[in-house]
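Survey of secondary and tertiary structure
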Amino acid sequence: MEKVDAIIVGQGISGSLLSAQFLKNGKTVLVIDEEKEITSSKVSAGLYNPIVFKRVVKSWMIDELLPVLNESYEYMESCCNQTFHTKRKIVKVFVNEEEKAQWLKKSEDQNFNQYLGKEISEQDFDGCIKPHHGLAFVNNAGNVNVKLLIETWANYLKTKHSYIANHFKYDDVHLTEDGVKWKDYEANHLIFCEGYTAKNNPFFPNLPFVPAKGELLTVKIDNLFTAESVLNKGVFVLPEGHQLFRVGATYVWDKIDEEITSQAKEELSQKLEKLIQTSYTIIDQKAGIRPSTKDRRPILGKHPKLPQLALLNGMGTKAVLLAPYFAKQLFEHLFKGKDIHPEVNIARL
Ligand SMILES: Cc1cc2nc3c(=O)[nH]c(=O)nc-3n(C[C@H](O)[C@H](O)[C@H](O)COP(=O)(O)OP(=O)(O)OC[C@H]3O[C@@H](n4cnc5c(N)ncnc54)[C@H](O)[C@@H]3O)c2cc1C
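Rules and cut-offs
- Residues numbered from 1 in each chain as written.
- Predicted model: local features only at pLDDT ≥ 70, side-chain atom pairs only at ≥ 80, totals over all residues.
- Near = placed C-beta within 6 Å.
- Helix = DSSP H or I, 4+ residues; strand = E, 2+ residues; numbered from the N terminus.
- Nonpolar A, V, L, I, M, F, W, Y, C, P; charged D, E, K, R; others polar.
- Expected span 1.5 Å × (residues − 1).
- Buried ≥ 20, exposed ≤ 12 C-beta atoms within 10 Å, placed from the backbone.
- Arc of directions from axis to C-beta.
- Contact = placed C-beta atoms within 7 Å.
- Domains from an automatic or database assignment.
- Axes fitted to C-alpha atoms, helices over the stretch in contact; angles between N-to-C directions.
- Parallel < 35°, antiparallel > 145°, perpendicular 65-115°, else oblique.

1. Side note on the site of the ligand
- For the ligand, the set of nearby residues contains 43 residues, the closest of which are Gly10, Gly12, Gly195, Gly214 and Gly288.
- Sorting the residues of the shell around the ligand by element identifies helix 1 (13-24), strand 2 (29-33), helix 2 (40-43), strand 3 (47-48), strand 13 (212-220), strand 17 (281-290) and helix 7 (319-336) as the ones contributing at least two each.
- Taken together, the residues of the shell around the ligand break down into 17 nonpolar, 19 polar and seven charged.

2. Digging into helix 6 (residues 262-275)
- The end-to-end C-alpha separation of helix 6 is 20 Å, in line with the 20 Å expected for 14 residues at 1.5 Å each.
- For helix 6, the set of buried residues is Ala264, Leu268, Leu272 and Leu275. For helix 6, the arc enclosing every buried residue in end-on projection is 60°, short of the 170-degree limit, so these residues lie on one face. Opposite the buried face of helix 6, at more than 90 degrees from it, the exposed residues are Ser262, Gln263, Glu266 and Gln270.
- Looking at the buried side of helix 6, the elements it contacts are strand 6 (85-93), strand 13, strand 14 (230-233), strand 15 (235-241) and strand 16 (244-248).

3. Topic: the domain arrangement of the chain
- Taken as a whole, the chain is organised into domain 1 (2-44 + 147-207 + 294-348) and domain 2 (88-141 + 212-290).
- On a C-alpha basis, the centroid separation for the pair domain 1 and domain 2 is 32 Å.
- The partner domain 2 presents seven residues to the eight residues of domain 1 that form the contact.
- Its residues placed into classes, the side of domain 1 that touches domain 2 shows three nonpolar, five polar and no charged.

4. Here's the deal with the packing of helix 3 (residues 62-80) against helix 7
- Packing of helix 3 against helix 7 brings their axes to within 8 Å, and their N-to-C directions diverge by 85°. Comparing the axis directions of helix 3 and helix 7 gives the class roughly perpendicular. Along its contact with helix 3, which presents Glu64, Leu65, Val68, Leu69, Ser72 and Tyr73, the element helix 7 presents Leu321, Leu322, Pro324, Tyr325 and Lys328.
- In terms of residue class, the contact of helix 3 with helix 7 is built from eight nonpolar, one polar and two charged.

Structural data, given as structure tokens:
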């Protein structure tokens, strides 16, 4: 029997960040993932935005989340000797004068001015954006190449003998007095990071998931000048280099599968054409299922009756921003007895 501090089921962005906390803090871990070709993390655009555009307010807990985001991805990048986090500005394209006035007023406010930039000149974008009511930068945004993070982090875990490619079967778990046994491993903690498939987890039945299907396009645009910034108006247009851009995303709650659809292609193309006035070619389309929850908050913590079991899930539309902070919080709860934020604690359910 090999003994580890924890077994983590699932190496999407949640399981990756949680296992990073273990290694960073000198704990041993075994990560198990079935290596599905399509997962929410693998198709994700990986964007994070400190502002909720609809109401021009800060994203929930942004001032606390950003420092942990920076420190977590920096740590993983240094382990893997690979860059996957890029800090970027988002170009907000105003849809009317009212929206612009509200934005510019708030950008004077001390509470907002690190995120809301002043109006910028259209000339910087070389006439490639359709007529609009002005542009402004969102600062302190960015994106993570999540697919690359997952691949390189799995390789790093392998060098630490901390990774197994396998489909985890719930029947293979034996609960002991102070931990679990799984195949040839013994652990103090078994932590589930399975994304939306956690709806089948018999240890945590009836979790309030409201999975949301999303689709994205990869398009080639020869003469869209956005430098490193992300355009946003109805859709985001994220530069990926070599004149390729990710355009997304759609939201569907009633047909949950990983199939790409002509409706999503049409919806995203129409929104893109409302934003840019230059031709483009669709290169690729992907679909995935976000593990969203009823109250739009993550779910984490120990099982109410079996303390050797725990869960980190429910990252919804904002995994890149939320997972670093809440992976750290779950780790500190398990090993240092720190409290879990009441709005994300599994005990709230
Ligand atoms: C189209 C789209 C665009 C998105 N864009 C963004 C974005 O721009 N920014 C952002 O922050 N978020 C975005 N998201 C949301 C984000 O991708 C998800 O919140 C996030 O990927 C969830 O990560 P996770 O690790 O919790 O779950 P998952 O990514 O689903 O990972 C779960 C892992 O567990 C494994 N697993 C499950 N069951 C088992 C088992 N029994 N045995 C072994 N392995 C198992 C799976 O193989 C998988 O690797 C987007 C999502 C979609 C679909």
